[in-house]
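Chain by chain, the residues run as shown.
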Amino acid sequence: MATVSLEVSGGVGTIRLDRPPMNALDVSMQDLLRDLAQEAGDRDDVRAVILYGGGKSFAAGADIKEMRDMDHAAMVVRSRALQEAFTAVARIPKPVVAAVTGYALGGGCELTLCADYRIAADDAKLGQPEILLGLIPGAGGTQRLARLVGPSRAKDLIFTGRSVKADEALAIGLVDRVVPAADVYTEAQKWAERLAKGPALALRAAKEAVDAGLETDIESGLAIERTWFAGLFATEDRERGMRSFVEEGPGKAQFR
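Residues numbered from 1 in each chain as written. Predicted model: local features only at pLDDT ≥ 70, side-chain atom pairs only at ≥ 80, totals over all residues. Heavy atoms only, no water.

J.: Give me helix H8 (residues 184–196): which residues, what numbers.
T.: The end-to-end C-alpha separation of H8 is 18 Å, in line with the 18 Å expected for 13 residues at 1.5 Å each. Here H8 has its buried residues at Val184, Glu187, Ala188, Ala192 and Ala196. Contacts made by the buried residues of H8 are with strand S2 (12–17), strand S3 (48–52), strand S4 (96–100), strand S6 (117–121) and strand S9 (177–179). (Helix = DSSP H or I, 4+ residues; strand = E, 2+ residues; numbered from the N terminus. Expected span 1.5 Å × (residues − 1). Buried < 20%, exposed > 50% of the residue type's maximum accessible area, 1.4 Å probe, protein only. Contact = heavy atoms within 4.5 Å.)

Pasting the structure below:
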C-alpha cells in the first residue's frame, strides 16, 4: 500500500499521507510526495489540491529512527532531496490547502508551510521541535516559517522547539482557520472546490506573482505583477469573466 496517494474528484486532488500511526515522513514518503506534487501540478483534471494526513494526525515529523542511521555524508545528499520534495509541493501552480489534524510537527509543520492556506482542527498542535534533537528544521522551516509569521515568532518556535495549540497558531498566523476536528477535511474541500471552479490561468498567475514577489524587491514584484496582468488579457477566461460581469453582474462567470 502506498504511503502517499493522490485521489482526484470534481477537480480537487487530495494528496493523502497514510503511514500509521503518526505519518512519520520517511525517505520513501518524501520521494512519493515529490512525484505526486508534480503529477498534481501537471494534470488538467486537478484544479486545486488538499494536503491531508487523515483524521488523527497530519504528520508528526520525519522518521527519526531512519535519520538516526544517517551520517553527515548521507545527509548532505538526502537533505537536498528532502527540500526538493517539499519545494515541489510549494510550487504546485494551483491553489493548495492543508487540512491539519492532530500533530503537525517538524517536517509535518514544514509541509503545511508549503500550502497557500491552512485549516486546522481545534485540537491540532504545530511546531518545529528539531532543536530538541540538536538540529534545526531542514525541509524549509527556517525560511518559510519566518516568511509566514515573521522572524521573531519563527525564532521563538525554532529556538525553543515548543508546540503551539490551534488558537495560538491562529493568533500568530501559522494557520488561517480553526474548525472542529471533525470538520477539517470538509472545510478544506469547500475551499478547494470553490477555487477549482475559478479561472485556472488567473489563479496560477496570482499564486506565482505573490510567491515570486515575496522573494524580490517591490519594483521587481510590480514588474512580475504587470507582466501577468497584461498576459491574462490574452485568455478566454478574461473575456468570459468581463462579458459576464457586464451582462449579468459580478460573480456569475462560469470558467472552463
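J.: With reference to specific residues and values, describe the sheet that holds S4.
T.: Across the sheet, six strands lie side by side as S1-S2-S3-S4-S6-S9; this open sheet has mixed pairing. Whereas interior strands pair on both sides, the edge strands pair on one side only; in this sheet they are strand S1 (4–9) and S9. Between one strand axis and the next, the sheet turns by 20° as a mean value, whatever way the strands run. (Pairing = 2+ DSSP bridges. Axes fitted to C-alpha atoms, helices over the stretch in contact; angles between N-to-C directions.)

J.: An account of the pattern of salt bridges is needed here, citing residue identities and associated values.
T.: Considering all chains together, one arrives at 18 salt bridges under this definition. Across the salt bridge formed by Asp35 and Arg34, the nearest N and O atoms sit 3.1 Å from each other. Taking relative accessible area as the criterion, Asp35 reaches 36% and is therefore assigned partly exposed. With a closest N to O distance of 2.8 Å, Arg162 and Asp156 form a salt bridge. Overall, the relative accessible area of 30% leaves Arg162 in the partly exposed class. Classification of Asp156 by relative accessible area gives partly exposed; the value is 30%. (Salt bridge = Lys/Arg side-chain N within 4 Å of Asp/Glu carboxyl O.)

J.: Before we move on, can you summarise the packing of aromatic side chains with the specific residues and values?
T.: Taken as a whole, this structure holds three aromatic pairs when the rule is applied. Geometrically, the ring pair formed by Tyr117 and Trp191 is stacked, given 5.2 Å between the ring centres and 5° between the ring planes. Residue Tyr117 is located in strand S6, and its partner Trp191 is located in helix H8; the two are separated by 74 residues in the primary sequence. (Phe/Tyr/Trp six-rings, centres within 6.5 Å; stacked < 30°, edge-to-face > 60°.)

J.: I'd like a description of the nonpolar core, backed by residues and values.
T.: Counting 59 residues, the largest nonpolar core has Leu51, Phe86, Leu126 and Leu174 as the members making the most contacts within it. Setting aside residues up to four positions removed in sequence, Phe86 forms contacts with Leu25, Leu33, Gly107, Glu110, Leu111, Cys114, Ala139 and Arg144. (Core = buried A, V, L, I, M, F, W, Y, C linked by side-chain atoms within 4.5 Å.)

J.: Quick rundown of the state of the cysteines? Include the residues and the values.
T.: By definition, a disulfide links two cysteine residues through a covalent bond between their sulfur atoms. Using the criterion set out here, one finds zero disulfides in the structure. Cysteine Cys109 shares no disulfide, and the gap to the nearest cysteine sulfur, in Cys114, comes to 10 Å. The buried category is assigned to Cys114, whose relative accessible area is 3%. (Disulfide = S-S within 2.5 Å.)

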